[in-house]
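# Observations on the three-dimensional arrangement
If you want the building blocks of each chain, they are given just below.
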Amino acid sequence: MSDQPPFRIVDLSTNATGGYATRLLAAYGAEVIKIEPPRSGDPTRAVGPFPDDRPDPNCGATSLFLDTNKKSVTLDVAKPVGRAILDRLLERADVLMETFSPSMADHLGLNYSDLEERFPRLVVTSITPFGKDGLYRDLEACELVLEAMSGWLFQSGEPNHPPTRTRGELATAMAPGLLAASGTLAALAWRANSGEGQLVEVAAMEAMLAASRYYETTYAYRDLLIARLGTTLSATYCYRPASDGWAALCATTDQQREICAHVMELSEHLDDPAFAPPTVGSSTEQSRATDLIDRWVTQHSRAEIFHLLQGMRVPSGFLTTADELLGLDQLKERQAFVRIDHPAAGSLDYPAAPFKMGVTPFRTTRAPLLGEHNREIYLEQLGLSEDEFAALTREGII
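Remember, it's a predicted structure, so these values are computed and weren't measured experimentally.

Conventions we followed
Residues numbered from 1 in each chain as written. Predicted model: local features only at pLDDT ≥ 70, side-chain atom pairs only at ≥ 80, totals over all residues. Heavy atoms only, no water. Helix = DSSP H or I, 4+ residues; strand = E, 2+ residues; numbered from the N terminus. Buried < 20%, exposed > 50% of the residue type's maximum accessible area, 1.4 Å probe, protein only. Areas by Shrake-Rupley, 256 points an atom, 1.4 Å probe, with all protein chains shown as cover. Core = buried A, V, L, I, M, F, W, Y, C linked by side-chain atoms within 4.5 Å. Contact = heavy atoms within 4.5 Å. Pairing = 2+ DSSP bridges. Axes fitted to C-alpha atoms, helices over the stretch in contact; angles between N-to-C directions. Parallel < 35°, antiparallel > 145°, perpendicular 65-115°, else oblique. Left-handed = near helix turned anticlockwise from the far one by under 90°. Nonpolar A, V, L, I, M, F, W, Y, C, P; charged D, E, K, R; others polar. Patch = residues over 30% accessible without salt bridge, like charges linked within 9 Å, V, L, I, M, F, W, Y side chains within 5 Å. Salt bridge = Lys/Arg side-chain N within 4 Å of Asp/Glu carboxyl O. Phe/Tyr/Trp six-rings, centres within 6.5 Å; stacked < 30°, edge-to-face > 60°. Lys NZ or Arg CZ within 6 Å of the ring centre and 35° of its normal.

## Some remarks on the overall build of the protein chain
Along its length, the protein chain carries 16 helices and twelve strands. In terms of overall dimensions, the protein chain has a C-alpha envelope of 85 × 45 × 45 Å along the principal axes. Of all 398 residues assigned to the protein chain, the portion counted as buried reaches 46%. For the protein chain, the computed accessible surface area is about 20500 Å², with 53% contributed by carbon and sulfur atoms.

Take a look at the structure:
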């Protein structure tokens, strides 16, 4: 197997959407050269938590997670000398990943229309909050705005209560990041036959819509507005407080509901609406049977409920905390976490392969320090002299 990377990515992204896309591609073999502003680095480096609560651009948990397997170089692409160096990197690249607003991309000359003639084989993947055109093209957004406007928040929380945020920055970034990675690979496959690069454009709001399209389709199909469902869709399809935390019950068929009633010693209540099939848009009224189900659940631990119902082939689970996940035997056996040593942050557990391939290995190289690969990229790959390198450093270009 060749040691050469299958393709090379110049990563100018400055948030978690692009960072997650290039994290995936780097993990499976791509060489990702992450270009960061001199001194401050990528803004994600300023996002904690940090060890001992001391901010350090080399120790932020977000960048440690997003930047595994990448190389870091510093470069001021807004200055003419920096832009000339960027162009030399693009000449050797297969992909440019960027998350600039359309107006900033115009200002920097980094729109696809600025690049396609000089770099005809380059795939340019652009992620913006709302897209490169339309009324919202230059509006600012963050994960809270996108969760609200894409409909995610409308569906999260208890009925008739304020919406509850449940996902957070990285989870919000994963839908657009995943689609950006997929679109990039599709464009590279197209290039393999055509020889031509192209623009891959991802609007984060539309990517998040794609992740919850069922709800919009339901409304279009049935005029049924699915709002916040809370913890309960039916008495046996719900989250319920067990004796040591929350249990997840998921009886969806008549047979599974009968088994639930049998296990809970409530078979005489099987005709109660509490054991009716879960229906989208409806909720279960509290009844004598639901009281008895609640009592049974609270008298058992999460593990007891999980093993009792799973032993009868009824889907069930339990809500886990971070420390419980790290110690879960199933995940240990699957090697779902990998320990990586980092010179500044120390030895930490990171999520391992999000999917496993029969031949292609998942790489687990630590996140780079800010500008750690300046000498490798600028001296060894671009062939700058020591004097040029020193001058660029002195002038704050790199």
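Back to the text.
## Structural notes on the nonpolar core
One finds Ile35, Leu75, Leu86 and Tyr378 to be the most contacted residues of the largest nonpolar core, which totals 31 residues. Those elements that provide at least two residues to this core are strand S2 (31–36), helix H3 (80–91), helix H4 (102–108), helix H5 (112–115), helix H15 (374–381) and helix H16 (386–394). Residue contributions to this core peak at four residues, all from H3. In contact with Leu86, not counting residues within four places along its chain, are Val10, Leu12, Ile35, Leu75, Val77 and Leu110.

## Concerning the sheet that holds strand S8 (residues 237–242)
Within the open sheet, the four strands sit side by side as S7-S8-S9-S10. Their pairing is antiparallel. Both edges of this open sheet fall to strand S7 (232–234) and strand S10 (316–318), since each of them pairs with a single strand only. Averaged over all pairs of adjacent strands, the angle between their axes in this sheet comes to 35 degrees, without regard to strand direction. Where helix H11 (residues 288–298) meets the sheet, it contacts S8 and strand S9 (245–250), and its direction lies at approximately 50 degrees from that of S8.

## Thoughts on the packing of helix H1 (residues 16–27) against helix H7 (residues 169–194)
How two helices pack is summed up by the angle between their axes together with the distance between the axes. Packing of H1 against H7 brings their axes to within 7 Å, and their N-to-C directions diverge by 55 degrees. When the axis of H1 is compared with that of H7, the two are oblique. When the axes of H1 and H7 are compared, the crossing they make is right-handed. For the pair H1 and H7, the contacting residues are Ala16, Thr17, Tyr20, Ala21, Leu24 and Leu25 in the first and Glu169, Leu170, Ala173, Met174, Pro176, Gly177, Leu178, Ala180, Ala181, Thr184 and Leu185 in the second. Classifying every residue of the contact of H1 with H7 gives 13 nonpolar, three polar and one charged.

## Quick look at a nonpolar patch on the surface
A cluster of nonpolar side chains, Leu135, Tyr136, Leu139 and Met149, forms an exposed patch at the surface whose accessible area comes to about 440 Å². One can find Leu139 in the loop between strand S5 (123–128) and helix H6 (143–149).

## Quick notes on the packing of aromatic side chains
The tally for this structure, following the rule as stated, stands at four aromatic pairs. Ring centres of Tyr28 and Phe362 lie 5.4 Å apart, and the angle between their planes is 65 degrees; this geometry places the pair in the edge-to-face category. Here Tyr28, found in the loop between H1 and S2, pairs with Phe362, found in the loop between strand S12 (346–351) and H15; they are 334 residues apart in sequence, far enough to count as distant. The exposure class assigned to Phe362 is partly exposed, which follows from its relative accessible area of 21%. Measuring from ring centre to ring centre gives 5.2 Å for Phe306 and Phe318, while their planes differ by 90 degrees; the resulting arrangement is edge-to-face. Here Phe306 is found in helix H12 (residues 302–311), whereas its partner Phe318 is found in strand S10, with twelve residues between them in sequence. An aromatic cluster of three or more residues is present, and its members are Tyr28, Phe355 and Phe362. Over the face of the ring belonging to Phe65 we find Arg23, whose NZ or CZ atom lies 4.0 Å from the ring centre.

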